[in-house]
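Here is what each chain is made of, one letter per residue.
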Amino acid sequence: MSALYTIILLFVSNIFMTFAWYGHLKLQSVNIITDNTPLYLIIAFSWMLALPEYACQIPANRIGFIGNGGAFSLIQLKVIQEVISITVFTLFSLFIFKGQEFQWNHIAAFICLVLAIYFVFQ
């Protein structure tokens, strides 16, 4: 059960983090924030989104870590997190930033990440 909780929390944390890192670009593209918006306000907005990310990421790592009774080694946790991160980012870029091209090399890179999960569990 800890493995499932870990993965769910990692997905939620990565959704928040993707919006924290890239959401302001979408807000700018739809003129909610402008080129004149002070950078410190954009950073503060991003940090408000990053706080829930940390509130999910830290428990995910604590619950999932084998040293705390979880199912994953430290390296496995990191590789899982990276694959979840790129998955969330890909969906974000395709659905939120319409017009971003998804090319063959992106698919190849994603396959390599999935293979990384396979190898890290061997």
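Residues numbered from 1 in each chain as written. Predicted model: local features only at pLDDT ≥ 70, side-chain atom pairs only at ≥ 80, totals over all residues. Heavy atoms only, no water.

**Points about the overall build of the protein**
For step 1, the next point in the chain: A count of helices and strands for the protein gives 4 helices and 0 strands.
For step 2, the next point in the chain: Listing each helix as α and each strand as β along the protein from the N terminus yields α-α-α-α.
For step 3, the next point in the chain: Principal-axis analysis of the C-alpha atoms gives the protein an extent of 50 × 35 × 20 Å.
For step 4, the next point in the chain: Taking all 122 residues of the protein together, the buried fraction comes to 28%.
For step 5, the next point in the chain: Sequence-distant contacts in the protein: of pairs separated by 6 or more residues, those separated by 24 or more amount to 70%.
For step 6, the next point in the chain: Working note: accessible area of the protein is about 8,100 Å², and carbon and sulfur atoms make up 72% of it.
For step 7, the next point in the chain: The distance from the centre of the 4 positive side-chain charges to the centre of the 4 negative ones in the protein is 9 Å. (Helix = DSSP H or I, 4+ residues; strand = E, 2+ residues; numbered from the N terminus. Buried < 20%, exposed > 50% of the residue type's maximum accessible area, 1.4 Å probe, protein only. Contact = heavy atoms within 4.5 Å. Areas by Shrake-Rupley, 256 points an atom, 1.4 Å probe, with all protein chains shown as cover. Lys, Arg positive; Asp, Glu negative; His and termini not counted. Charge placed at Lys NZ, Arg CZ, Asp CG, Glu CD.)

**Considerations on the nonpolar core**
What tends to happen in soluble globular proteins is that the nonpolar side chains get buried as a cluster.
For step 1, the next point in the chain: One finds Leu10, Ala60, Phe72, Leu77, Ile80, Ile84 and Val88 forming the largest nonpolar core, which totals 7 residues.
For step 2, the next point in the chain: The element contributing the most residues to this core is helix α3 (residues 74-95), with 4 residues.
For step 3, the next point in the chain: In this structure Ala60 touches Thr6, Leu9, Leu10 and Leu77, once residues within four positions along its chain are discounted. (Core = buried A, V, L, I, M, F, W, Y, C linked by side-chain atoms within 4.5 Å.)

**Observations concerning the packing of α3 against helix α4 (residues 104-120)**
For step 1, the next point in the chain: It is at 10 Å that the axes of α3 and α4 come closest, and there the two elements cross at 160°. By the criterion of interaxial angle, the relationship of α3 to α4 is roughly antiparallel. Read as a crossing pair, α3 and α4 show a hand that is left-handed. Each of Ile75, Gln76, Val79, Val83, Ile86 and Thr87 in α3 lies in contact with α4, whose residues at this interface are Phe110, Leu113, Ala116, Ile117 and Val120.
For step 2, the next point in the chain: Considered class by class, the residues forming the contact of α3 with α4 number 9 nonpolar, 2 polar and no charged. (Axes fitted to C-alpha atoms, helices over the stretch in contact; angles between N-to-C directions. Parallel < 35°, antiparallel > 145°, perpendicular 65-115°, else oblique. Left-handed = near helix turned anticlockwise from the far one by under 90°. Nonpolar A, V, L, I, M, F, W, Y, C, P; charged D, E, K, R; others polar.)

**Considering unusual backbone geometry**
For step 1, the next point in the chain: In this model, Asn31 sits at a positive phi of 60°, which is unusual for a non-glycine residue.
For step 2, the next point in the chain: Within the fold, Asn31 resides in the loop between α1 (2-29) and α2 (39-64).
For step 3, the next point in the chain: Here Asn31 falls in the exposed class, since its relative accessible area comes to 62%.

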